[in-house]
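# A look at the structure
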Amino acid sequence: MTLRFLIQKEFLQIRRNSFLPKLILFFPVMIMCVMPWVMNMEVKNIRVQVVDNDRSTQSQQLVHSIEASRYFVFGGQQPSYQAALKEIETGKTDVVLVIPQHYSRDLTKGDMPQVLIAANAVNGTKGSMGGAYLSQIVAPLSPPEGGTMAQKSIEAHSGTVGGASSLFLYNKHLNYKVFMIPALLAVVMMLMCGFLPALNIVGEKESGTIEQINVTPVSKWSFILAKLIPYWLIALFAVTVCLLLSWAVYGITCQGPLWLVYVLAMLLALFFSSFGLIISNYSDTMQQAVFVMWFFIVCIMLLSGLFTPTRSMPSWAYATTYINPMSYFIEAVRTVFVRGGTIMSVWRQILALGSISLFMSIWAVLSYKKNH
């Protein structure tokens, strides 16, 4: 009975706050409608210029193939390599292709002409991927072996190069949104169940209202559950909004059991709410809680595999994923959402995520100091 009234009090406080209801509604909408478009690791719109020293029909076919590619923005032709290099130095182009003299003659004879690709590698990912994309188009094939350059360009973009074909499983159109949308649920959980409960309790510390509760016979468990349950329910609402927007805006739906996504979300919500409560128990001001929470959240998020594969990390950094609950969540939710995995596919992640969350919840209760 006491718990029910405490939960009712929390909902009344949330409703009377002019900012929180708007944040709870618009944050998942913004995350799902904006972030999948901008958090795209696919390299596109690479500005390329060409220095054509051959001026032949085949060299012009190569130029037209580059113009037709959806990955490049053709910036025209330059008279010399030095002029093109100046365009790179001023940031007006990203990649320069230099077609040598006698390019057409060498192709006709069956030789392999040396084509120069100069890429601006200040941004290493953009430079390497831009050079790789361009190499797929310009890799010369003599007509008897591989057909024309136009055919080569078509094969490169269709996933067939030199007789080898690629079959993309689970995400055959290489849509990056399919990869990012499940992981963005973790970002929603992080705010709804991490920051908000922590700031709620610290806010009561600053205003002095928490002292009124501390002198009552309300138990520690009842007080903490009353602080967390409302935000767990809000998290369920936010997850539902995210899944509906994923279906309505992008046509992307969960390929596995939907209830399993909710189980994973609630386990992550338990971790973040407990973690936020721990931060609030050791913080005296809201500013202190925000900075400490932000420090840990950034580390957890960047080391979780949300943006980049964890296997690409150094071995010492990869070792942190074994105690990172968000890493388990992202791996499990992508397995269920994208690959259609069942509980047998993610039981290890569920066990690890549940164990970490349970440990943090016990710590949260024990660290709360209630004065009778």
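The following paragraphs examine the structure supplied in this document. These figures come from a predicted structure and were not determined experimentally. (Residues numbered from 1 in each chain as written. Predicted model: local features only at pLDDT ≥ 70, side-chain atom pairs only at ≥ 80, totals over all residues. Heavy atoms only, no water.)

It is worth spelling out the overall build of the protein chain at this point. Along the protein chain, the regular secondary structure elements total 17 helices and 6 strands. Counting only residues that meet the buried cut, the protein chain has 48% of its 372 residues in that class. Taking contacts inside the protein chain between residues at least 6 apart in sequence as the whole, the part at least 24 apart equals 76%. On the protein chain, roughly 19,100 Å² of surface is accessible, and the fraction owed to carbon and sulfur atoms is 64%. (Helix = DSSP H or I, 4+ residues; strand = E, 2+ residues; numbered from the N terminus. Buried < 20%, exposed > 50% of the residue type's maximum accessible area, 1.4 Å probe, protein only. Contact = heavy atoms within 4.5 Å. Areas by Shrake-Rupley, 256 points an atom, 1.4 Å probe, with all protein chains shown as cover.)

The phi angle of most residues is negative, glycine excepted, and most peptide bonds adopt the trans form. Positioned with a positive phi, asparagine 45 is a non-glycine residue whose angle comes to about 55 degrees. Among the secondary structure elements, asparagine 45 is positioned in the loop between helix 3 (35-38) and strand 1 (46-52). Judged by relative accessible area, which is 53%, asparagine 45 ranks as exposed. The residue arginine 55 is not glycine, and still its phi comes out positive at about 55 degrees. On the accessibility criterion, arginine 55 (57% relative accessible area) is exposed.

Bringing the pairing of strand 1 into the picture now. Across the 7 residues that make up strand 1, a large majority, 6, are buried. Pairing of strand 1 with strand 2 (residues 72-77), which is carried by 4 bridges, proceeds in the parallel orientation. Bridge pairing links valine 50 to glutamine 77 in strand 2. In this view, the connection linking strand 1 to its parallel neighbour strand 2 by way of helix 4 (residues 57-68) has right-handed handedness. (Pairing = 2+ DSSP bridges. Right-handed = clockwise from strand over helix to strand, strands pointing away.)

Here the focus is a nonpolar patch on the surface. A surface patch of nonpolar side chains, about 630 Å² in accessible area, is lined by Trp259, Val263, Ile343, Met344, Trp347 and Leu351. Secondary-structure elements contributing two or more residues to the nonpolar patch are helix 13 (258-281) and helix 17 (343-367). Tallying contributions element by element places helix 17 first for the nonpolar patch, with 4 residues. Inspection of the secondary structure puts methionine 344 in helix 17. When its relative accessible area of 62% is taken as the criterion, methionine 344 is described as exposed. (Patch = residues over 30% accessible without salt bridge, like charges linked within 9 Å, V, L, I, M, F, W, Y side chains within 5 Å. Salt bridge = Lys/Arg side-chain N within 4 Å of Asp/Glu carboxyl O.)

A full pass over the atoms with the stated rule returns 4 salt bridges. Between lysine 126 and aspartate 94 there is a salt bridge, with its nearest N and O atoms 3.3 Å apart. Pair noted here: lysine 126 is in helix 7 (residues 124-138) and aspartate 94 is in the loop between helix 5 (81-89) and strand 3 (95-99), with a separation of 32 residues, a long-range link. Classification of aspartate 94 as buried rests on a relative accessible area of 7%. The shortest N-O distance in the salt bridge between arginine 105 and aspartate 106 comes to 3.9 Å. Among the ionic contacts, a cluster of salt bridges with common partners joins Arg47, Asp94 and Lys126.

Further remarks concern the layout of surface pockets. Of the volumes computed, that of the second largest pocket is approximately 590 Å³. Lining the second largest pocket are 22 residues, and of these Thr310, Ser327, Ile330, Glu331 and Arg334 lie nearest its centre. Elements represented by at least two residues in the lining of the second largest pocket include exactly helix 10 (176-207), helix 16 (325-337) and helix 17. It is helix 16 that provides the largest number of residues to the lining of the second largest pocket, a total of 6 residues. (1 Å grid on protein atoms, 1.4 Å probe; cavity = no way out; pocket = protein on both sides within 12 Å on 5 of 7 lines; lining within 4 Å. Points joined across faces, edges and corners; volume = space filled by probe spheres on them.)

Next up on the list: the packing of aromatic side chains. One pass over the full model with this rule turns up 9 aromatic pairs. Centre to centre, the rings of phenylalanine 295 and phenylalanine 296 are 5.1 Å apart; their planes meet at 80 degrees, and the pair counts as edge-to-face. Plain terms: the ring middles of phenylalanine 359 and tryptophan 363 are 6.2 Å apart, the flat faces sit at 55 degrees to each other, and that makes the pair tilted. Taken as a pair, phenylalanine 359 and tryptophan 363 lie in helix 17 at a separation of 4 residues, close to a single helical turn. Tryptophan 363 gets classed as partly exposed once you look at its relative accessible area, which sits at 36%. For the cation-ring pair, arginine 4 lies above phenylalanine 5, with the distance from its terminal atom to the ring centre recorded as 4.6 Å. Residue placement shows lysine 177 over the ring face of tryptophan 37; its charged tip is 4.0 Å from the ring centre. (Phe/Tyr/Trp six-rings, centres within 6.5 Å; stacked < 30°, edge-to-face > 60°. Lys NZ or Arg CZ within 6 Å of the ring centre and 35° of its normal.)

This brings us to helix 5. Within the sequence span of helix 5, burial applies to Ala84, Glu87 and Ile88. Within helix 5, the buried residues cover an arc of 100 degrees as seen down the axis, which keeps them to one side. Turned more than 90 degrees from where helix 5 packs its buried face, Gln82, Lys86 and Glu89 sit exposed. Those residues of helix 5 that are buried lie in contact with strand 1, strand 3 and strand 4 (116-119). Once helix 5 ends, the next one or two residues include glycine 91, with phi positive near 80 degrees. (Arc of directions from axis to C-beta.)

This is a description of form; function is not addressed.
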